[in-house]
Amino acid sequence: MFVLDGAAGIVRVLTDSLRSTGTIGRPGRGPGEFDRFVMPTSHGGSQRWVATQGDTLAVFDGERVSRFRLDGTLLSTWSYDRVRGTSPMQSRIAHVAGEVFFTTGGYDPMAGAVQSAFQVQATRGEKPRDVVRIALPAVSSALTSEHARPRWDVGGRCIVLSDGTSPWLVRVDRETGATDTISIPLPDREPPPISEEERRAARMAGGQGSLPEPTAPLLIRDLIMDPDGEVWIRPVQPRPALDGVEVLRISPATGAVRTDTVPAWPLAFGAPGVYYTVEASPDGVPIIVRYEAVR
């Protein structure tokens, strides 16, 4: 397992049982180095700035993509102009068939009430190619944490995207470009209200006395593809809360959907039936936790 430690500016290498075996990279702004940073919030969606393919590791540090062999040997560093349009707010990268997939566009909090576009692009280090583009719901006068955000992932030949609020996924064949949609039965639940903490922060920043309700509520809280190509979606959770996390598991090949409950939302997958997440220890320190999922 490869874990990007932004505060330290390194990638930590762990075994599947979470034993540390070394590090890759170092802090700095040169080839094979990473800017130190604190991972920005993704408003409910997990972030993944590390991706592997075969014996190659790709790392995004908010400014550039660096590619290494798994033993830490640097292969290449792609500067910002090779992945222009990426931003520290993008949720993830993927590394498939020699290409690094990333996203451009999305919501600009400074843009006001506009309808934005979101697209997935891919590059082998040269000029990026456009893969798929979707429109996003219009934003009201303020972009709150409960406004829908786009979600996406890549697995094998399949790319899936969501605008974060609609009951469908866009499905793209990575090789042919064929595109269609999959209907998903999102639970009919009200999303959580805007927190008082966020309203208070807006008032302290000189904003409106009351934040507007989102024009498009965040109904798909997160999305990830497992090694078998199944799409996991974390919808708005039931209230009172379950003892675990309710997920929708979708087959992109057939469109079949089943509901499952797992102990925690997966952030990475390991051997069959194993996944990992991050939880807070009793003293508030983030720790990686290994789960064995029911398959």
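As a reminder, the structure under discussion sits directly above these lines.
Here we summarise the structure given alongside this text. Quick caveat, the model's predicted, so the values are computed rather than measured.

Our next topic: the overall build of the protein chain. Scanning the protein chain from N- to C-terminus turns up one helix and 24 strands. The 295 residues of the protein chain split such that 48% are buried. Look at the contacts in the protein chain between residues 6 or more apart in sequence, and 45% of them connect residues 24 or more apart. When the accessible area of the protein chain is evaluated, it comes to approximately 14,100 Å², of which 52% is carbon and sulfur surface.

We now examine the packing of aromatic side chains. In the structure shown here, the tally under the stated rule is six aromatic pairs. Where Phe-34 meets Phe-68, the ring centres are 5.9 Å apart and the plane angle is 70°; that geometry is what we call edge-to-face. Taken together, the residues span a long stretch of sequence, with Phe-34 in strand β5 (residues 33-34) and Phe-68 in strand β8 (residues 65-69) at a distance of 34 residues. Residue class for Phe-68 comes out buried when judged on its relative accessible area of 2%. Here the aromatic cluster, defined as three or more aromatic residues joined through ring pairs, consists of Trp-232, Phe-269, Tyr-275 and Tyr-291. Over the aromatic face of Trp-265 sits the side chain of Arg-234, whose NZ or CZ is 5.7 Å from the ring centroid.

According to the stated counting rule, one finds 18 salt bridges in the structure shown. A salt bridge links Glu-33 to Arg-26; the nearest nitrogen and oxygen atoms lie 2.9 Å apart. With relative accessibility at 13%, the residue Glu-33 sits in the buried group. Ionic pairing is found between Arg-29 and Asp-35, a salt bridge with its closest N-O pair at 2.6 Å.

Below, the discussion takes up the sheet that holds strand β20 (residues 245-250). One open sheet accounts for four strands, arranged β18-β19-β20-β21; its pairing is antiparallel. Each of the sheet's edge strands pairs with one partner strand only, and the pair in question is β18 (220-225) and β21 (257-262). Within this sheet the neighbouring strands show an average axis-to-axis angle of 25°, counted without direction. One ladder, built from three bridges, connects strand β19 (residues 231-235) with β20; its direction is antiparallel. By the bridge assignment for β20, Ile-233 is matched with Leu-248.

What follows concerns the side chain of Arg-221. Positionally, Arg-221 belongs in strand β18. Overall, the relative accessible area of 12% leaves Arg-221 in the buried class. A polar side-chain atom of Arg-221 sits 3.0 Å from the main-chain carbonyl oxygen of Leu-218.

As a further point, take unusual backbone geometry. For the bond running from Arg-239 to Pro-240, omega is 5°, close enough to zero to count as cis. Residue placement: Pro-240 occurs in the loop between β19 and β20. The phi dihedral of Leu-18 falls on the positive side, at around 75°, and the residue is not glycine. Position of Leu-18 relative to the elements: it lies in the loop between β2 (10-14) and β3 (20-24). By relative accessible area, which is 27% here, Leu-18 ends up partly exposed.

Once that is clear, we can look at the sheet that holds strand β16 (residues 168-173). Spatially, four strands are ordered β14-β15-β16-β17 in an open sheet, and the strand pairing comes out antiparallel. The open sheet terminates on both sides in strands that have one partner only, identified here as β14 (151-155) and β17 (179-183). Going from strand to strand, the sheet's axes swing by 20° on average, the running direction of each strand aside. As paired strands, strand β15 (residues 158-162) and β16 are joined by four bridges and run antiparallel to one another. Each residue of the ladder has a partner; that of Ile-159, found in β16, is Val-172.

Here is what the cut-offs are and how they apply
- Residues numbered from 1 in each chain as written.
- Predicted model: local features only at pLDDT ≥ 70, side-chain atom pairs only at ≥ 80, totals over all residues.
- Heavy atoms only, no water.
- Helix = DSSP H or I, 4+ residues; strand = E, 2+ residues; numbered from the N terminus.
- Buried < 20%, exposed > 50% of the residue type's maximum accessible area, 1.4 Å probe, protein only.
- Contact = heavy atoms within 4.5 Å.
- Areas by Shrake-Rupley, 256 points an atom, 1.4 Å probe, with all protein chains shown as cover.
- Phe/Tyr/Trp six-rings, centres within 6.5 Å; stacked < 30°, edge-to-face > 60°.
- Lys NZ or Arg CZ within 6 Å of the ring centre and 35° of its normal.
- Salt bridge = Lys/Arg side-chain N within 4 Å of Asp/Glu carboxyl O.
- Pairing = 2+ DSSP bridges.
- Axes fitted to C-alpha atoms, helices over the stretch in contact; angles between N-to-C directions.
- Polar contact = N/O pair within 3.5 Å; in protein donor to acceptor, adjacent residues only side chain to side chain.

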